[in-house]
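The residues making up each chain are set out below.
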Amino acid sequence: MTLNKHRLDGLPSFPSRILDAIKFEQILMDAGYSITASAPANGDRIKVWWSHPTYRRIESIYNQDKTIAITAYHPN
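Peer 1: Any chance you could explain the overall build of the chain here in plain terms?
Peer 2: Assigned secondary structure in the chain consists of 1 helix and 5 strands. For the chain, the α and β elements follow one another from N to C terminus as β-α-β-β-β-β. Here the C-alpha radius of gyration of the chain, 11 Å, is about what a compact globule of 76 residues would show, namely 11 Å. With the principal axes as the frame, the chain shows a C-alpha extent of 30 × 25 × 25 Å. Here the chain holds 76 residues, and the buried ones make up 33% of them. A sequence separation of at least 24 residues applies to 31% of the contacts in the chain between residues at least 6 apart. As displayed, the chain has an accessible area near 4,700 Å², and 51% of this comes from carbon and sulfur atoms. In the chain, 9 positive and 7 negative side-chain charges are present, and the distance between their average locations comes to 7 Å.

Laid out in structure tokens, this is it:
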């Protein structure tokens, strides 16, 4: 769980290793990001892709019931 270890374009640093999914998604949407797709990920987790008109794409990982954001990062 490394949400606070990655710097994301247009967002402040996250203060904790995980975050409630609703709060996490609201932060991203307030910054102009929108969900483009989601799919199952390793370890019974869920991966969600976010896009922004200016910033790089974000990939985020949630727990299996999508209530907790575990990490988010810019792929390459």
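Next comes the rest of the description.
Peer 1: For this particular structure, what's the right way to read the sheet that holds strand 2 (residues 34-41)?
Peer 2: Sheet strands associate in pairs through backbone hydrogen bonding, adopting either a parallel or an antiparallel arrangement. In spatial order, the strands read 1-5-4-3-2; together these 5 strands make up an open sheet with antiparallel pairing. In this open sheet, the two edge strands, each paired with only one partner strand, are strand 1 (19-20) and strand 2. Pairing of strand 3 (residues 45-51) with strand 4 (residues 58-62), which is carried by 5 bridges, proceeds in the antiparallel orientation. Across the sheet, the residue bridging to Trp-49 is Glu-59, located in strand 4.

About the cut-offs
- Residues numbered from 1 in each chain as written.
- Predicted model: local features only at pLDDT ≥ 70, side-chain atom pairs only at ≥ 80, totals over all residues.
- Heavy atoms only, no water.
- Helix = DSSP H or I, 4+ residues; strand = E, 2+ residues; numbered from the N terminus.
- Rg over C-alpha atoms; globule rule 2.2 N^0.38 Å.
- Buried < 20%, exposed > 50% of the residue type's maximum accessible area, 1.4 Å probe, protein only.
- Contact = heavy atoms within 4.5 Å.
- Areas by Shrake-Rupley, 256 points an atom, 1.4 Å probe, with all protein chains shown as cover.
- Lys, Arg positive; Asp, Glu negative; His and termini not counted.
- Charge placed at Lys NZ, Arg CZ, Asp CG, Glu CD.
- Pairing = 2+ DSSP bridges.

From the geometry alone we can't say anything about function, so treat these as descriptive.
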